[in-house]
Amino acid sequence: MLNSDKPVYILGIETSCDETGAAVIKRAQNGQGTILSNIVRSQLREHEAFGGVVPEIAARAHIECLDRLIDAAMRDAGMEFTDLSAIAVTAGPGLIGGLLVGTVTAKAIGMVHDLPVIPVNHLEGHALTVGLTEGIDPPYLLLLVSGGHTQILAVHGVGKYQRLGTTLDDALGEAFDKTAKLLGLGFPGGPQVERWAEGGNWNRFPFPRPMLGRPEAHFSFSGLKNALRLQASKIAPLHDGDIRDLCASFQLAVTEAVSDRIKTAMNAYIGMHPDRAAWRLVAAGGVAANKALRSALMNLAQERGFTLHVPPVALCGDNAAMVAWAGAERFVRNLPYERDFSARARWPLDDNAPRTIGAGVKA
Ligand code: KG4
Ligand code: ZN
């Protein structure tokens, strides 16, 4: 019997970075997803003073609250563990301490209640979220932009990912965070830079548009970051108006660079999926919350005959509902998984993608 012959109920657990998440979702026989509960506890306060995520503090903070969060998620959903079909847990990529907290907890609950425990790739959680929120099934072209990852992937099916582009240096969220740090705007930087950019002069500083026109859909943000740093020190001391203009000019450079890279990826994707019904662009990950980026993607999609699909802001950032959903999609398809799996700090979605020169661990 296929696991999709009846509704499935999945508990999801997310601990890969600085958000602890527990959620319960239902996947009906017809593939429709419903979030029954979704609790996210951000560790913002624990890391704020350091201007970035401190791995040991993150792992400890996950330990301190994960049990309570799971209890609360089960209670909110009105469910007992015995009502569940399976548990899905982020097993990578991410900070190894946090991943261990989540995977060990999931395995313990699975053992006690005799439930399957499905290891989920965090990036697959982001990649499949539009299936939960809008019922959008692959194939589609995916822009995945978060604090640790910046990739364009052709999503051919659940579990079938082809990387078309990746960053050679910083992730896009990281570029936002570093810009905010440099300008003293606080952490996490993305929302701060976006706020300061409102009302700023987009054209005051002609920052570089990295990788423009290159044949592959790769990204690079370290040159842009440096250009901003040099510009900021040239006009220091910075007044509020300068900060607004720097943020606005940075955001424009980013959106133009990303749009150019997506155009390149769209050409490759159309070659793989000539049927116009497959011409869908999905954006996911924390940076997909950025309104300037969303509107640039909307224009680009319309220009090229694609539809655009972006999860609601609350589901763009890290959460356990997306992990539960990815687990459900795997569970109903009976996709194989390792029962005695280990947490993996590095876990590319496309195992066949070559490492790009200079890309470090982020490829
Ligand atoms: O997906 P996510 O919550 O965590 C990771 O898996 O990394 O993404 C977090 C990243 C951070 O770098 C944050 O600054 C960025 O997403 N971000 C934004 C916005 N909201 C969050 N970047 C730009 N504009 C935003 N509105
Ligand atoms: Zn994420």
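Structure report, in brief. Note that the structure is predicted; figures quoted are calculated from it, not measured.

**So, a nonpolar patch on the surface**
In step 1: Where nonpolar side chains cluster on the molecular surface, the patch consists of I96, L100 and V104 and spans about 260 Å² of accessible area.
In step 2: Along the polypeptide, V104 turns up in helix α3 (residues 96–113).
In step 3: Under the relative-accessibility criterion, V104 is labelled exposed at 52%.

**Remarks on the environment of L252**
In step 1: Along the chain, the position of L252 falls in helix α8 (residues 240–272).
In step 2: For the pair L252 and M322, spaced 70 residues apart in sequence, the C-alpha separation works out to 30 Å.
In step 3: Those residues within four positions of L252 in sequence are excluded, and the remaining contacts are W202, N203 and R209.

**Some points on the pairing of strand β7 (residues 150–157)**
In step 1: The buried fraction of β7 amounts to seven of the eight residues, a majority that puts the element mostly inside the structure.
In step 2: The sheet contact formed by β7 and strand β8 (residues 160–166) spans six bridges and is antiparallel. Residue G157 lies in a different strand from β8, and its bridge partner there is K160.
In step 3: In this structure, the hairpin formed by β7 and β8 is closed by a connection of two residues, where G159 is found at a positive phi of approximately 85°.

**Brief notes about the site of ligand 1**
In step 1: Close to ligand 1 lie 20 residues; G147, D177, G190, E194 and G286 are nearest.
In step 2: Contacts to ligand 1 include G173, whose backbone N or O atom sits 3.2 Å from an oxygen atom.
In step 3: When ligand 1 sits alone it has 560 Å² of accessible area, and the protein chains cover 87% of it.
In step 4: Every element with two or more residues in the shell around ligand 1 is listed here: α4 (122–134), α5 (172–182) and α6 (189–197).
In step 5: If you tally residues by element for the shell around ligand 1, the top one is α6, at four residues.

**Side note on the nonpolar core**
In step 1: Ranked by size, the top nonpolar core spans 49 residues in total, and within it L141, V258 and I262 carry the most contacts.
In step 2: Looking at this core, the elements that each hand over two or more residues are β6 (140–145), β7, α5, α6, α7 (222–235), α8, β9 (280–284) and α9 (291–304).
In step 3: The greatest single-element share of this core, amounting to twelve residues, is contributed by α8.
In step 4: For L141, the contacting residues outside a window of four places in its chain are I152, L153, L164, I262, A265, M266, Y269, R280, L281, V282 and F306.
In step 5: Judged by nonpolar contacts, the second largest core, of 35 residues, contains I118, V130, L132 and I136.

**Quick notes on the packing of α8 against α9**
In step 1: In the contact formed by α8 and α9, the axes pass within 10 Å of each other and the chain directions differ by 35°. With respect to the hand of their crossing, α8 and α9 are arranged in right-handed fashion. Only A292, L293, A296, L297, L300, A301, E303 and R304 of α9 make contact with α8, whose side of the interface consists of Q251, T255, V258, S259, I262, K263, M266 and N267.
In step 2: Considering only residue class, the contact of α8 with α9 consists of nine nonpolar, four polar and three charged.

**Section: the coordination of the zinc ion (ligand 2)**
In step 1: Those donors, H122 (NE2), H126 (NE2) and D318 (OD), are the protein atoms that reach the zinc ion (ligand 2), and they lie 2.1 to 2.2 Å from it.
In step 2: Each of the four donor atoms around the zinc ion (ligand 2) contributes to a set of angles spanning 91 to 153°, which defines the coordination as irregular.
In step 3: Counting gaps between the donor residues of the zinc ion (ligand 2) yields the pattern H-x3-H-x191-D. Taken together, the residues span a long stretch of sequence, with H126 in helix α4 and D318 in the loop between β10 (307–309) and α10 (321–332) at a distance of 192 residues.
In step 4: On the basis of relative accessible area, H126 is assigned to the buried category, the value being 2%.
In step 5: With relative accessibility at 17%, the residue D318 sits in the buried group.

Rules behind the numbers
Residues numbered from 1 in each chain as written. Chains lettered and ligands numbered in written order. Predicted model: local features only at pLDDT ≥ 70, side-chain atom pairs only at ≥ 80, totals over all residues. Heavy atoms only, no water. Patch = residues over 30% accessible without salt bridge, like charges linked within 9 Å, V, L, I, M, F, W, Y side chains within 5 Å. Areas by Shrake-Rupley, 256 points an atom, 1.4 Å probe, with all protein chains shown as cover. Salt bridge = Lys/Arg side-chain N within 4 Å of Asp/Glu carboxyl O. Helix = DSSP H or I, 4+ residues; strand = E, 2+ residues; numbered from the N terminus. Buried < 20%, exposed > 50% of the residue type's maximum accessible area, 1.4 Å probe, protein only. Contact = heavy atoms within 4.5 Å. Pairing = 2+ DSSP bridges. Near = heavy atom within 4 Å. Polar contact = N/O pair within 3.5 Å; in protein donor to acceptor, adjacent residues only side chain to side chain. Core = buried A, V, L, I, M, F, W, Y, C linked by side-chain atoms within 4.5 Å. Axes fitted to C-alpha atoms, helices over the stretch in contact; angles between N-to-C directions. Left-handed = near helix turned anticlockwise from the far one by under 90°. Nonpolar A, V, L, I, M, F, W, Y, C, P; charged D, E, K, R; others polar. Donors = N, O, S within 2.8 Å, 3.2 Å for Na, K, Ca; no water. Tetrahedral: all angles 85-135°; square planar, octahedral: opposite > 155°, others 65-115°.

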